[in-house]
Amino acid sequence: MQMSRRVNPSHLLNILLLLLLLFLLFLLPNHSKDAEDYGLFPPVYTDYSTQTNTTGHRLLCMVLTTPANYLTKAVHVQATWGRRCDTLLFISSSERGLVSWFITPDIVSDLPVLELAGVLGREHLWDKVKLGLSTIWRDYSSQFDFLIKADDDTFLIVDNLKHLLSELSPSDPLILGHHQEDRGVAYLSGGPGYVLSHAAVREIVEVGLGGDLPCHLPHPVGQEVQVYPNEDLQMGKCASLLHIPVQSSEVQGQSTFLPFLLPRHLVPGLTVKWWLDRTKECQQVVSCVSPALVSMHYVRPEMMYVYDYFVYGFR
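What counts, and at which threshold
Residues numbered from 1 in each chain as written. Predicted model: local features only at pLDDT ≥ 70, side-chain atom pairs only at ≥ 80, totals over all residues. Heavy atoms only, no water. Salt bridge = Lys/Arg side-chain N within 4 Å of Asp/Glu carboxyl O. Helix = DSSP H or I, 4+ residues; strand = E, 2+ residues; numbered from the N terminus. Buried < 20%, exposed > 50% of the residue type's maximum accessible area, 1.4 Å probe, protein only. pLDDT = per-residue confidence, 0-100. Contact = heavy atoms within 4.5 Å. Disulfide = S-S within 2.5 Å. Polar contact = N/O pair within 3.5 Å; in protein donor to acceptor, adjacent residues only side chain to side chain.

With that out of the way, let us pick up the pattern of salt bridges. Applying the stated rule across the entire model yields 11 salt bridges. Lys149 is the salt-bridge partner of Glu231, the closest N and O atoms lying 2.8 Å from each other. In this pair, Glu231 is assigned in helix H7 (residues 231-241) and Lys149 in strand E4 (residues 146-151), connecting sequence segments 82 residues apart. An identical accessibility class is assigned to Glu231 and Lys149; each is buried.

With that settled, the discussion passes to the confidence of the model for the chain. Residues at a pLDDT of 70 or more form 76% of the chain, whose mean pLDDT is 84. A low-confidence stretch, residues 24-35 (pLDDT under 50), is modelled with 12 contacts involving residues beyond four sequence positions or located in other chains.

Here the structure, examined in full by the defined rule, presents 3 disulfides. The disulfide partner of Cys61 is Cys85, and the S-S distance across this bridge is 2.0 Å. Linking Cys61 and Cys85, the disulfide has an S-S dihedral of approximately -90° and is accordingly described as left-handed. Taken as a pair, Cys61 in strand E1 (residues 59-64) and Cys85 in the loop between helix H2 (70-79) and strand E2 (87-93) lie far apart in primary sequence, 24 residues in all.

This brings us to unusual backbone geometry. Backbone geometry places Arg183, a non-glycine residue, at a positive phi of 55°. Within the element layout of this structure, Arg183 appears in the loop between strand E7 (179-182) and strand E8 (185-188). A positive phi angle, close to 50°, is found at Gln252, a residue other than glycine. Tracing the sequence through the fold places Gln252 in the loop between strand E10 (246-248) and strand E11 (257-258). Residue Gln252 is classed as exposed on the basis of its relative accessible area of 80%.

Right, let's talk about the environment of Arg84 for a bit. Checked against the element boundaries, Arg84 lands in the loop between H2 and E2. Put simply, Arg84 and Cys61 are 23 residues apart on the chain and 9.4 Å apart in space, counted from C-alpha to C-alpha. A distance of 3.0 Å separates a polar atom in the side chain of Arg84 from a polar atom in the side chain of Asp308.

Structure, rendered in structure tokens:
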């Protein structure tokens, strides 16, 4: 008679501890690689005397994140520029994997996060944006005039954005951001964020994602964009199919939405060739950064607080 083998509890515990160690090594930054890597730290809420402009158009900030970034990025967006939005919503995945061990109910309850199914991974970014917009339109359509889609490493100066939007009407379909072109498609760079008017969100959700579904892949007409993970490129093609005007972020020939970190745009010798080959903004100007700067991309969590201080706390 064949006897079943019993699993030694100590072996099982060792395996679990090994998996936990590997996960922590993946989740927490490696300090040996970067002397300025601060690792995991709690959010800091600072009340500066200069208050955010709460008048004018109502702004809903839709920030893409993942469960693995709740403690490392999302909480710092919420503690800095995110709280200056009229409505802040993080769009994330309901599939958490190993990270579920570290996400306690109080973390999720403190973050205004919508966890959606089937959107985990870069290859599902366009699905995440489409489902996020559809959910927001269903549940929050009466709570915003403009919506900005941003990432959890975007830094946004909300006051400057509201000033930029003050002369625009939420009733006019439009999409605004850093104007680029790739694969024959005009689009707005997703890293620094792009803005959709209330009318544009309605058009995308009710027409682009309903009826004949022109904004689902593959696109049925025009210069077709193949299955490509970049949601900003897909949004640009969707806007084109729906005849939604694409509006550049330039103010007096200078960019207000920056796809890279500030030095990459301030110092000509540090510009990225990939961007130079695709941008349609600020091509003939030495100083490309507008004094009315709205946003920038690839911002580390600790730098969120530095920029927040210089915008609202520095005298």
